[in-house]
Amino acid sequence: MSAVKIQATDYPISKVFSNDFVFTIPLYQRPYAWTTEQAGELLEDLITALGDSDDKIDEINPYFLGNIVLIKGDKRDAQVVDGQQRLTTLTILLAALRTCVSKEHIHILTRYLYEKDDFDPDDNVYRLNLRERDAQFFKEFL
């Protein structure tokens with residue numbers, strides 16, 4: 001039996017939603033359950049953390065999103081043990097933001113949501129894969 005390695009690392013959101021991770025929600029996890037109230041609180045927290053200054057985003061103090069616990073080996077596949085609600089809500093937020101930005105920025109936000117397959121859209125690699133019950137709805141509206 002191999003030894004289990006426990007490791008804590010902080011990542012910027014651009015790293016979390018990058019080619020380094022493909023998140024899967026295991027079957028034993030409950031379905032996505034946040035309402036507009038919880039999602040709104042997260043959005044308000046993010047806006048408050050940004051503040052009203054004209055500082056560049058890289059100059060603002062980092063916002064602690066909370067722990068996201070994963071089972072992950074050397075590959076990019078990662079099972080989400082804790083943090084599903086936040087990851088899913090952030091993904092929904094990114095998709096919503098994508099509808100509000102200029103065409104040049106749509107591509108940037110899309111890369112945070114999935115790796116696009118130019119030959120076959122059915123082969124896009126989504127950064128977050130929900131349980132079967134939520135997956136089809138999520139992909140359709142993402």
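Rules used throughout
Residues numbered from 1 in each chain as written. Predicted model: local features only at pLDDT ≥ 70, side-chain atom pairs only at ≥ 80, totals over all residues. Heavy atoms only, no water. Phe/Tyr/Trp six-rings, centres within 6.5 Å; stacked < 30°, edge-to-face > 60°. Helix = DSSP H or I, 4+ residues; strand = E, 2+ residues; numbered from the N terminus. Buried < 20%, exposed > 50% of the residue type's maximum accessible area, 1.4 Å probe, protein only. Patch = residues over 30% accessible without salt bridge, like charges linked within 9 Å, V, L, I, M, F, W, Y side chains within 5 Å. Areas by Shrake-Rupley, 256 points an atom, 1.4 Å probe, with all protein chains shown as cover. Salt bridge = Lys/Arg side-chain N within 4 Å of Asp/Glu carboxyl O. Lys, Arg positive; Asp, Glu negative; His and termini not counted. Charge placed at Lys NZ, Arg CZ, Asp CG, Glu CD. Pairing = 2+ DSSP bridges. Contact = heavy atoms within 4.5 Å. Axes fitted to C-alpha atoms, helices over the stretch in contact; angles between N-to-C directions. Parallel < 35°, antiparallel > 145°, perpendicular 65-115°, else oblique. Left-handed = near helix turned anticlockwise from the far one by under 90°. Nonpolar A, V, L, I, M, F, W, Y, C, P; charged D, E, K, R; others polar.

Undergrad: I tried to follow the packing of aromatic side chains on my own but got confused; where do I start?
TA: Applying the stated rule across the entire model yields 4 aromatic pairs. Residues Tyr11 and Phe21 carry aromatic rings whose centres are separated by 5.5 Å and whose planes lie at 70 degrees to one another, so their mutual orientation is edge-to-face. In this pair, Tyr11 is assigned in the segment before helix H1 (13–16) and Phe21 in the loop between H1 and strand E1 (22–24), connecting sequence segments 10 residues apart. By relative accessible area, which is 6% here, Phe21 ends up buried. Seen in terms of ring centroids, Phe21 and Phe23 are 5.3 Å apart; in terms of plane orientation they differ by 5 degrees. Their pairing is stacked.

Undergrad: Which parts of the structure should I look at to understand a negative patch on the surface?
TA: Together, Glu37, Glu41, Glu44 and Asp45 line one region of the surface with negative charge. Topologically, Glu44 is positioned in helix H2 (residues 36–50). In this structure Glu44 comes out as exposed when scored by relative accessible area, which is 55%.

Undergrad: Got a minute to help me understand the sheet that holds E1 in this structure?
TA: Whenever strands of a sheet pair, they do so through backbone hydrogen bonds, lying parallel or antiparallel. The sheet built from 4 strands is open, its strands ordered E2-E3-E1-E6 with mixed pairing. Looking at which strands have only one partner, the edges of the open sheet turn out to be strand E2 (69–72) and strand E6 (128–129). Examined bridge by bridge, E1 and E6 share 2 bridges and lie parallel to one another. Paired with Phe23 across the bridge in E6 is Leu128. Sheet contacts for helix H3 (residues 84–98): E1, strand E3 (77–82) and E6; angle to E3, the most-contacted strand, approximately 120 degrees.

Undergrad: How should the pairing of E3 be read in this particular structure?
TA: Consecutive side chains of a regular strand alternate in pointing toward one face of the sheet and then the other. Pairing between E1 and E3: 3 bridges, direction parallel. Across the sheet, the residue bridging to Thr24 is Gln79, located in E3. The sheet contact formed by E2 and E3 spans 4 bridges and is antiparallel. Looking across to E3, one finds that Lys72 is bridged to Ala78. Hairpin geometry of E2 and E3 is characterised by an intervening segment of 4 residues between the two adjacent antiparallel strands.

Undergrad: Just checking my understanding: could you explain the packing of H3 against helix H4 (residues 103–113) for this structure?
TA: The relative placement of two packed helices is expressed as an angle between their axes plus a distance between the axes. The interhelical angle for the contact between H3 and H4, taken along N-to-C directions, is 160 degrees, at an axis separation of 9 Å. Taken together, the axis directions place H3 and H4 in an arrangement best described as roughly antiparallel. Where H3 crosses over H4, the two elements pack in a sense that is left-handed. Residue-level contacts link Thr91, Leu94, Ala95, Leu97 and Arg98 of H3 to Ile106, Leu109, Thr110, Tyr112 and Leu113 of H4. Residues belonging to the contact of H3 with H4 are distributed by class as follows: 7 nonpolar, 2 polar and 1 charged.

Undergrad: Can you help me understand the environment of Asp77 in this one?
TA: Checked against the element boundaries, Asp77 lands in strand E3. Along the primary structure Asp77 and Val22 are separated by 55 residues, whereas in three dimensions their C-alpha atoms are 4.9 Å apart. The contacts of Asp77, once residues within four sequence positions are left out, are Val22, Ile71 and Lys72.

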